[in-house]
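Here is how the chains run, residue by residue.
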Amino acid sequence: MDGEWWGRLNEIVFLDGLYDLDALPSSDSRYATARRDIIQHRMNNLDWEDDWIFEDSRFQLLDAPDEILLAFLTRVVHPEVQPNVDRAARQVDELNRLLEPDGWVLRAHEFLSGRPIYAPVATANAAGPVIPLPLRDDDTSKLDLVLGLVHHLLDADGQGLARDLLHGATLSLRRDGGFFHPTPGDNWRSDSYEAVLTVDPTLVPEFSSTVTDLIWKHLGSVLKRLEREDVLSLVVEAALLCRTAARRPRRVARKPP
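Residues numbered from 1 in each chain as written. Predicted model: local features only at pLDDT ≥ 70, side-chain atom pairs only at ≥ 80, totals over all residues. Heavy atoms only, no water.

**Student:** When you look at the overall build of the protein chain in this model, what are you seeing that I'm missing?
**Tutor:** In terms of helices and strands, the protein chain carries seven helices and six strands. Written out in order from the N terminus, the α and β elements of the protein chain read α-α-α-α-β-β-α-α-β-β-α-β-β. Residues classed as buried in the protein chain amount to 43% of the 257 residues present. (Helix = DSSP H or I, 4+ residues; strand = E, 2+ residues; numbered from the N terminus. Buried < 20%, exposed > 50% of the residue type's maximum accessible area, 1.4 Å probe, protein only.)

Okay, structure coming up:
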């Protein structure tokens, strides 16, 4: 794996997020708990190997239900543990190659400070969205999941630039209301919606028509599977800037795939 499993944390802090270290017994007769073991052998003496956790039966990573190992692995690539997005993505790719034969993959499902949070998904369900229906205009938490899924799909396609531009973006759905006076025959109606990506103003120039088309390709497809066929375009807008009739945001790829 790329880097230590405990990432930018120490091993105690990492494991505290998964186990009760004070309830687990010691394997050293001098101490009472697993916490004291780890302090002694990983901080004081450093006489355990870095991968000691995988052979320690107290933590059940080799012989317990899948959920225990999957919880451990998703913590390894959590942004609190591994803040470097590219390194986390490499770790996920490596882990997925190992997990897929057993019926699991890790997939981005939401964001934390612009960084994807991964969750285990059974491969039988991996092709579909994990967002429950219905998807309403004001479902901000579900829209975050939609953005996380699009991030994953772009990453799987090797579209690194488009993927990275989604970091820190927010997604909303807005009724068009005829503001743009759509062209007859293009399927727009007064009750049609547009997907709005709000991004840092300095990043707006990076959203070329090519990049926006790549994002809309996946976003439009996901929205369609979530029964939001009424969302017909993608708009990129700068955060904190007021839109006026004289300043139209860009609108591209009107028809979802």
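Having seen the model, we can carry on.
**Student:** Would you mind going over the nonpolar core with me for this structure?
**Tutor:** Where a protein is soluble and globular, its nonpolar side chains tend to be buried together. Val146, Ala195, Leu197, Ile215, Leu219 and Leu223 are the most contacted members of the largest nonpolar core, which has 29 residues in total. Put simply, the parts of the chain that give this core at least two residues each are helix 5 (140-156), helix 6 (160-165), strand 3 (170-175), strand 4 (193-199), helix 7 (209-225) and strand 5 (231-238). Excluding anything up to four places from it in sequence, Leu219 contacts Val146, Val150, Leu171, Ala195 and Leu234. Grouped together as the second largest cluster of nonpolar side chains are 28 residues, Leu15, Phe59, Val77 and Tyr118 included. (Core = buried A, V, L, I, M, F, W, Y, C linked by side-chain atoms within 4.5 Å. Contact = heavy atoms within 4.5 Å.)

**Student:** Would you mind showing me how to read the environment of Phe54 here?
**Tutor:** As for its placement among the helices and strands, Phe54 is situated in the loop between helix 2 (34-44) and helix 3 (66-76). Once residues within four sequence positions are removed from consideration, Phe54 is found in contact with Trp5, Leu61, Leu62 and Phe72.

**Student:** What exactly am I supposed to notice about the confidence of the model for the protein chain here?
**Tutor:** Keep in mind that low pLDDT regions are not for reading the predicted coordinates in detail. On average, residues of the protein chain carry a pLDDT of 83, and 83% of them reach 70 or more. Considering each helix and strand of the protein chain separately, the mean pLDDT is smallest for strand 6 (residues 250-252), with a value of 45, and largest for helix 1 (residues 11-16), with 97. Within the model, the stretch residues 242-257 combines pLDDT values under 50 with 54 contacts to residues more than four positions away or in other chains. (pLDDT = per-residue confidence, 0-100.)

**Student:** Quick question: what am I supposed to make of the packing of aromatic side chains here?
**Tutor:** Inspection of every chain in the model, using the stated rule, returns nine aromatic pairs. Ring geometry for Trp5 versus Trp52: centroids 6.2 Å apart, planes at 65 degrees, classification edge-to-face. Note that Trp5 is positioned in the segment before helix 1 and Trp52 in the loop between helix 2 and helix 3, a separation of 47 residues in sequence. By relative accessible area, which is 8% here, Trp52 ends up buried. On the numbers, 5.6 Å between centres and 80 degrees between planes, the contact of Trp52 with Phe59 is edge-to-face. A single burial state applies to Trp52 and to Phe59, both of which are buried. Taken together, Trp5, Trp6, Phe14, Tyr19, Trp48, Trp52, Phe54, Phe59 and Phe72 form an aromatic cluster joined through their ring pairs. Geometry around Tyr193 places Arg228 over its ring, the cationic atom sitting 4.9 Å from the centre. (Phe/Tyr/Trp six-rings, centres within 6.5 Å; stacked < 30°, edge-to-face > 60°. Lys NZ or Arg CZ within 6 Å of the ring centre and 35° of its normal.)

**Student:** Teacher, can you tell me more about helix 4 (residues 85-99) here?
**Tutor:** Helical geometry note: an α-helix holds 3.6 residues per turn, so side chains three or four residues apart project in the same direction. Taking 1.5 Å of rise per residue, 15 residues should cover 21 Å, and helix 4 covers 20 Å from first to last C-alpha, within 8% of that figure. Here helix 4 has its buried residues at Val85, Ala88, Ala89, Gln91, Val92, Leu95, Asn96 and Leu99. One side of helix 4 holds all its buried residues, which, seen down the axis, span an arc of 160 degrees. Exposed and facing more than 90 degrees away from the buried side of helix 4 are Arg97 and Leu98. In the core, the buried residues of helix 4 are packed alongside helix 3, strand 1 (104-112), strand 2 (115-122) and helix 5. Near the N-terminus of helix 4, the side chain that reaches the backbone nitrogen of Arg87, with its oxygen 2.8 Å away, is that of Asn84. (Expected span 1.5 Å × (residues − 1). Arc of directions from axis to C-beta. Polar contact = N/O pair within 3.5 Å; in protein donor to acceptor, adjacent residues only side chain to side chain.)

**Student:** Would you take a moment to explain helix 3 for this structure?
**Tutor:** Among all positions in helix 3, only Leu70, Phe72, Leu73, Thr74, Arg75 and Val76 are buried. The inward-facing, buried residues of helix 3 abut helix 1, helix 4, strand 1 and strand 2.

**Student:** For this particular structure, what's the right way to read the pairing of strand 4?
**Tutor:** Across a regular strand the side chains alternate sides, sitting on one face of the sheet and then on the other. Most of strand 4 sits out of view: six of its seven residues are buried. Pairing between strand 3 and strand 4: six bridges, direction antiparallel. By the bridge assignment for strand 4, Leu173 is matched with Ala195. Since strand 4 and strand 5 lie parallel, the crossover through helix 7 that links them has a hand, and here it is right-handed. (Pairing = 2+ DSSP bridges. Right-handed = clockwise from strand over helix to strand, strands pointing away.)

**Student:** I would appreciate a short explanation of unusual backbone geometry in the present structure.
**Tutor:** As a rule of thumb, non-glycine residues mostly have phi less than zero, and peptide bonds are mostly trans rather than cis. Phi is positive for Leu46, which is not a glycine, with a value near 55 degrees. Looking at the secondary structure, you find Leu46 in the loop between helix 2 and helix 3. Classification of Leu46 by relative accessible area gives exposed; the value is 56%.

**Student:** Sorry if this is basic, but what is going on with the packing of helix 5 against helix 7 here?
**Tutor:** Axis separation between helix 5 and helix 7 bottoms out at 9 Å; the angle between their running directions is 130 degrees. Between helix 5 and helix 7, the crossing angle belongs to the class labelled oblique. At the point where helix 5 passes helix 7, the crossing takes the right-handed sense. Judged by residue contacts, Val146, Leu149, Val150, Leu153 and Leu154 of helix 5 engage Leu214, Ile215, His218, Leu219, Val222, Leu223 and Arg225 from helix 7. In the contact of helix 5 with helix 7, the residues fall into 10 nonpolar, one polar and one charged. (Axes fitted to C-alpha atoms, helices over the stretch in contact; angles between N-to-C directions. Parallel < 35°, antiparallel > 145°, perpendicular 65-115°, else oblique. Left-handed = near helix turned anticlockwise from the far one by under 90°. Nonpolar A, V, L, I, M, F, W, Y, C, P; charged D, E, K, R; others polar.)

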